[in-house]
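Okay, here's what each chain looks like letter by letter:
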Protein chains: 2
Amino acid sequence: MNTEDKPELDGTTEQKIKAAAKKLFTQKGYSAVKTREIAAEAGINLALLNYYFRSKEKLFELVMADNFITFVDGASHIINNETTTFDKKVELLAAHYIDILIENPDVPRFVLNEIQNHPEKLAKAMSAKLDIFNSIIMKQLSEEIQKGNMMPVNRIHFMINIIGLAVFPFAAKPLLVKVGQINESTFVALLEERKLLIPIWIKNMYKPKEMN
Amino acid sequence: MNTEDKPELDGTTEQKIKAAAKKLFTQKGYSAVKTREIAAEAGINLALLNYYFRSKEKLFELVMADNFITFVDGASHIINNETTTFDKKVELLAAHYIDILIENPDVPRFVLNEIQNHPEKLAKAMSAKLDIFNSIIMKQLSEEIQKGNMMPVNRIHFMINIIGLAVFPFAAKPLLVKVGQINESTFVALLEERKLLIPIWIKNMYKPKEMN
DNA sequence: GTCTATATACGGATAGAC
DNA sequence: GTCTATCCGTATATAGAC
C-alpha cells in the first residue's frame, strides 16, 4: 500500500477512483461523501466504483488504512531510531509531523473522527505499528531523567505534549482563520517557526531548576 | 461523563428533541445522523421533529451554535477579566477547558469537523464572540514581556499552546486508549494532573534565562 | 400537539449492452 | 473495462386523522 498517491489525474481507473475517494473521505468523512461524488471527482462512471472496489465501505477502509499509516508510520521510525540522540528525536518528531501535515492537512481531523466512528476498522488499519511505550525514545527519556538533564516526567504527558504542540495548529486552523484572521501564508510561516520552537519549548518545560 | 445517559427524558417535547439531536450530532456529525434516530433517542414521533424544527438542517444549526458557544464562551470571560493576574488567567484557562471538555468530550471533534464542513453556518453560530487578540490577557502578556518576566513570544503561538495543551488530549483520547492502553480512570487522572501542570509548563516555556 | 401513512427524492449497488 | 438504465432500500419531509 503506497502512502504517497497524491491526486492522480492520470493513472489507471482504479488509481483515479482511489485518489478521488481519499481526497473526499479525508475532507468530509464517510457519511458525508456519496459514491456518485467520488465517481464525478475521479471522472469515471459510478458503476466502475463497484466494479473495482465492490462497495463504498471497502473503498473507505483502504483510505482509512492509508491515512492512519500517514499519521503513525514515519513517527515510529523516528522514535525507534537506534543512532539519534534524544534531543534529535524530539526535533525530528516535531518537524516530521508539521511537514507531513502540511502535505496532508485534513488527516488529523479524519483520524480523529473515524477512530471514533469506526473503531472496529481501526484494527485492520493499524497493523501492529507504533508501540510508543516500548520505543527507544522512551528509554532515552528515562536516561535523561536519571542523568539529571530533565525533571521527572510522566511519559504519557511527554508524548501528548510533543505531538499536540505539532498537530494542534492543524486542527485549530479553521478557527485561527476565522477568529484570528490568519491567512494561508501566515499560517505556513507559523508552522515553520514551530518546527524550531517546539524542541526548545519541550526542553524548557522539563529543564531542571539550576539554582536554588 | 454523561456520554451514556439519555438526555432529558423529561422536559417539553421540544427540549427532548433538541437534547437528543445535540447528543447525536455532536457524537457523529450531521450526515451520519438520521432524523429517525433522533426521534427514537428522544422517544418521540418522527413527525414531531419537523413540527418543531422544520428541518434536520435547522435543528443542526441550533446544535452547532450551542456547541460553539460551549467552546468559546467561558474562555472569553476568563481572558477578559479585569481583575485577575496574567498567571491566574493561564491557570483558569487550562482548568476551564479541561473541566468543560470532561463534561463535553465530543465537542472538540464536533467543532473541528463542522467548521470545516459547514463554514457558512459558522457566522450564525459565533455572534461576535471572542476577539482574542484585543483581550485583556494579551495586554497583560505584553506587560509581562516588557517587565522581563517572560521571553518575547508570538501571541498566536502562546494561545495555541495553552489551548492545545488542554484540548489535544481529548482529541487524542481514542488513540491513547488504543495505542497507549489508557483506561477511563487513568485518563481522568491524567487530565487532573494537566490542570496543574499546564500553567507550570507554560511558565517554563517562556521563562527568561536568569543567568549569563 | 401527536400520531400514522405516504409522497418524493436520494444513495448504494447491479444487470446487461457494447 | 466501461457505459446506461434501473432496482430497491432508506431518508427527509408532509398530509391529514385524531
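Residues numbered from 1 in each chain as written. Chains lettered and ligands numbered in written order. Predicted model: local features only at pLDDT ≥ 70, side-chain atom pairs only at ≥ 80, totals over all residues. Heavy atoms only, no water.

Q: What's the story with the overall build of chain A in this structure? I'm lost.
A: On a plain count of helices and strands, chain A comes out with ten helices and zero strands. Beginning at the N terminus, the succession of helices and strands in chain A can be written as α-α-α-α-α-α-α-α-α-α. Along the longest, intermediate and shortest principal axes, the C-alpha atoms of chain A span 70 × 40 × 30 Å. Across the 212 residues in chain A, those meeting the buried criterion constitute 53%. Nonlocal contacts in chain A, meaning residues at least 24 apart in sequence, comprise 67% of its contacts between residues at least 6 apart. A total accessible area of about 10,100 Å² is found for chain A, and carbon and sulfur atoms account for 54% of it. (Helix = DSSP H or I, 4+ residues; strand = E, 2+ residues; numbered from the N terminus. Buried < 20%, exposed > 50% of the residue type's maximum accessible area, 1.4 Å probe, protein only. Contact = heavy atoms within 4.5 Å. Areas by Shrake-Rupley, 256 points an atom, 1.4 Å probe, with all protein chains shown as cover.)

Q: How do you make sense of helix α4 (residues 56-79) of chain B when you look at a structure like this?
A: Residues that lie three or four places apart on an α-helix share one face, since the helix turns once every 3.6 residues. A rise of 1.5 Å per residue sets the reference length of α4 of chain B, with its 24 residues, at 34 Å; its end C-alpha atoms lie 35 Å apart and thus fit the reference within 8%. Approximately 35 degrees is the largest bend angle found in α4 of chain B, and it occurs at Thr70 of chain B. (Expected span 1.5 Å × (residues − 1). Bend = angle between axes of the 7 residues up to and from the residue.)

Q: So what exactly am I meant to see when it comes to a positive patch on the surface here?
A: On the surface, a cluster of positive charge is made up of Lys207 and Lys209 of chain A together with Lys207 and Lys209 of chain B. As for its placement among the helices and strands, Lys209 of chain B is situated in the segment after α10 (184-205). (Patch = residues over 30% accessible without salt bridge, like charges linked within 9 Å, V, L, I, M, F, W, Y side chains within 5 Å. Salt bridge = Lys/Arg side-chain N within 4 Å of Asp/Glu carboxyl O. Lys, Arg positive; Asp, Glu negative; His and termini not counted. Charge placed at Lys NZ, Arg CZ, Asp CG, Glu CD.)

Q: Hey, could you run me through helix α2 (residues 35-42) of chain A in this one?
A: All names here are of chain A. The set of residues buried in α2 consists of Thr35, Ile38, Ala39 and Ala42. Along the axis of α2, the buried positions cluster into a sector of 100 degrees, meaning they face one direction only. Pointing more than 90 degrees away from the buried face of α2 are the exposed residues Arg36 and Ala40. Of the surrounding secondary structure, the elements contacted by the buried residues of α2 are α1 (13-28), α3 (46-53) and α4 (56-79). Gly43, located one to two residues past α2, shows a positive phi value of around 70 degrees. (Arc of directions from axis to C-beta.)

Q: Looking at this structure, how should I read the environment of Lys56 of chain A?
A: Residues and elements named next belong to chain A. Following the sequence through the fold, Lys56 ends up in helix α4. For Lys56 and Glu114, which are 58 residues apart along the polypeptide, the C-alpha to C-alpha distance reads 15 Å. Leave out the neighbours within four places in its chain, and Lys56 touches Phe25, Tyr30, Ser31, Val33, Thr35 and Leu49. One polar contact links the side chain of Lys56 to the main-chain carbonyl oxygen of Val33, over a distance of 2.8 Å. (Polar contact = N/O pair within 3.5 Å; in protein donor to acceptor, adjacent residues only side chain to side chain.)

Q: Honestly, the protein's contact with DNA strand D in this entry has me stumped. Any pointers?
A: Asn45 and Tyr52 of chain A together with Thr35, Arg36 and Lys56 of chain B are the nearest of the 16 residues found near DNA strand D. Taking all atoms of DNA strand D within 4 Å of the protein, the share assigned to sugar and phosphate is 61%. The separation between a phosphate oxygen of DNA strand D and a polar side-chain atom of Asn45 of chain A is 3.1 Å. The backbone of Lys56 of chain B places a nitrogen or oxygen atom 2.7 Å from a phosphate oxygen of DNA strand D. Within the residue set of the surface near DNA strand D, elements represented by two or more residues are α3 of chain A together with α2 (35-42) and α3 (46-53) of chain B. A per-element tally of the surface near DNA strand D places α3 of chain A first, with four residues. In the surface near DNA strand D, the residues fall into seven nonpolar, five polar and four charged. (Near = heavy atom within 4 Å. Nonpolar A, V, L, I, M, F, W, Y, C, P; charged D, E, K, R; others polar.)

Q: What is the right way to look at the protein's contact with DNA strand C in this model?
A: The full set close to DNA strand C counts 16 residues, and Thr35, Arg36 and Lys56 of chain A together with Asn45 and Tyr52 of chain B are the nearest of them. At a separation of 2.6 Å, a phosphate oxygen of DNA strand C approaches a polar backbone atom of Thr35 of chain A. Contact distances for DNA strand C include 3.0 Å between a phosphate oxygen and a side-chain N or O atom of Thr13 of chain B. Mapped by element, the contributors of at least two residues to the surface near DNA strand C are α2 and α3 of chain A together with α3 of chain B. The class makeup of the residues in the surface near DNA strand C is seven nonpolar, five polar and four charged.

Q: Would you take a moment to explain the packing of aromatic side chains for this structure?
A: Describing an aromatic ring pair means giving the distance of the ring centres and the angle of the ring planes. Residues and elements named next belong to chain A. Applying the stated rule across the entire model yields 20 aromatic pairs over all chains. Between Phe71 and Tyr97, the aromatic rings sit 5.3 Å apart at their centres with planes inclined by 55 degrees, giving tilted as the arrangement. Remark: Tyr97 occurs in helix α5 (residues 86-103) and Phe71 occurs in helix α4; sequence separation between them is 26 residues. For Tyr97, a relative accessible area of 4% gives the class buried. Following the ring pairs from residue to residue traces out a cluster consisting of Phe25, Tyr30, Phe60 and Phe110. Lying across the ring of Tyr30, Lys56 places its NZ or CZ 4.3 Å from the centre. (Phe/Tyr/Trp six-rings, centres within 6.5 Å; stacked < 30°, edge-to-face > 60°. Lys NZ or Arg CZ within 6 Å of the ring centre and 35° of its normal.)

Q: Can you walk me through the interface of chain A and chain B in this structure?
A: Accessible area lost during the coming together of the parts is what is often quoted as the interface size. With 48 residues of chain A at the interface, the matching set in chain B holds 48 residues. The tally of links between chain A and chain B comes to zero salt bridges. Across the chain A-chain B interface, the total number found is nine residue pairs in polar contact (both at pLDDT 80 or more). Here the side of chain A that touches chain B takes 17 residues from helix α9 (residues 155-180) of chain A, the largest share from any one element. Across the side of chain A that touches chain B, the residue classes tally to 29 nonpolar, eleven polar and eight charged.

Q: I tried to follow the packing of α4 of chain B against helix α5 (residues 86-103) of chain B on my own but got confused; where do I start?
A: Relative orientation and spacing of two packed helices are given, respectively, by the angle between their axes and the distance between those axes. All names here are of chain B. Where α4 meets α5, the axes come as close as 10 Å, and the angle between the chain directions of the two elements is 160 degrees. Taken together, α4 and α5 sit at an angle that is classed as roughly antiparallel. Relative to α5, the crossing made by α4 is right-handed. Packed against α4, whose contacting residues are Thr70, Phe71, Val72, Gly74, Ala75, Ile78 and Ile79, the element α5 presents Lys89, Leu92, Leu93, His96, Tyr97, Ile100 and Leu101 at the interface. (Axes fitted to C-alpha atoms, helices over the stretch in contact; angles between N-to-C directions. Parallel < 35°, antiparallel > 145°, perpendicular 65-115°, else oblique. Left-handed = near helix turned anticlockwise from the far one by under 90°.)

Q: Looking at this model, I keep getting lost on the side chain of Thr70 of chain B. Mind explaining?
A: All names here are of chain B. Structurally, Thr70 is set in helix α4. In this structure Thr70 comes out as buried when scored by relative accessible area, which is 16%. Setting aside its immediate chain neighbours within four residues, Thr70 contacts Lys22, Ile100 and Asn104.

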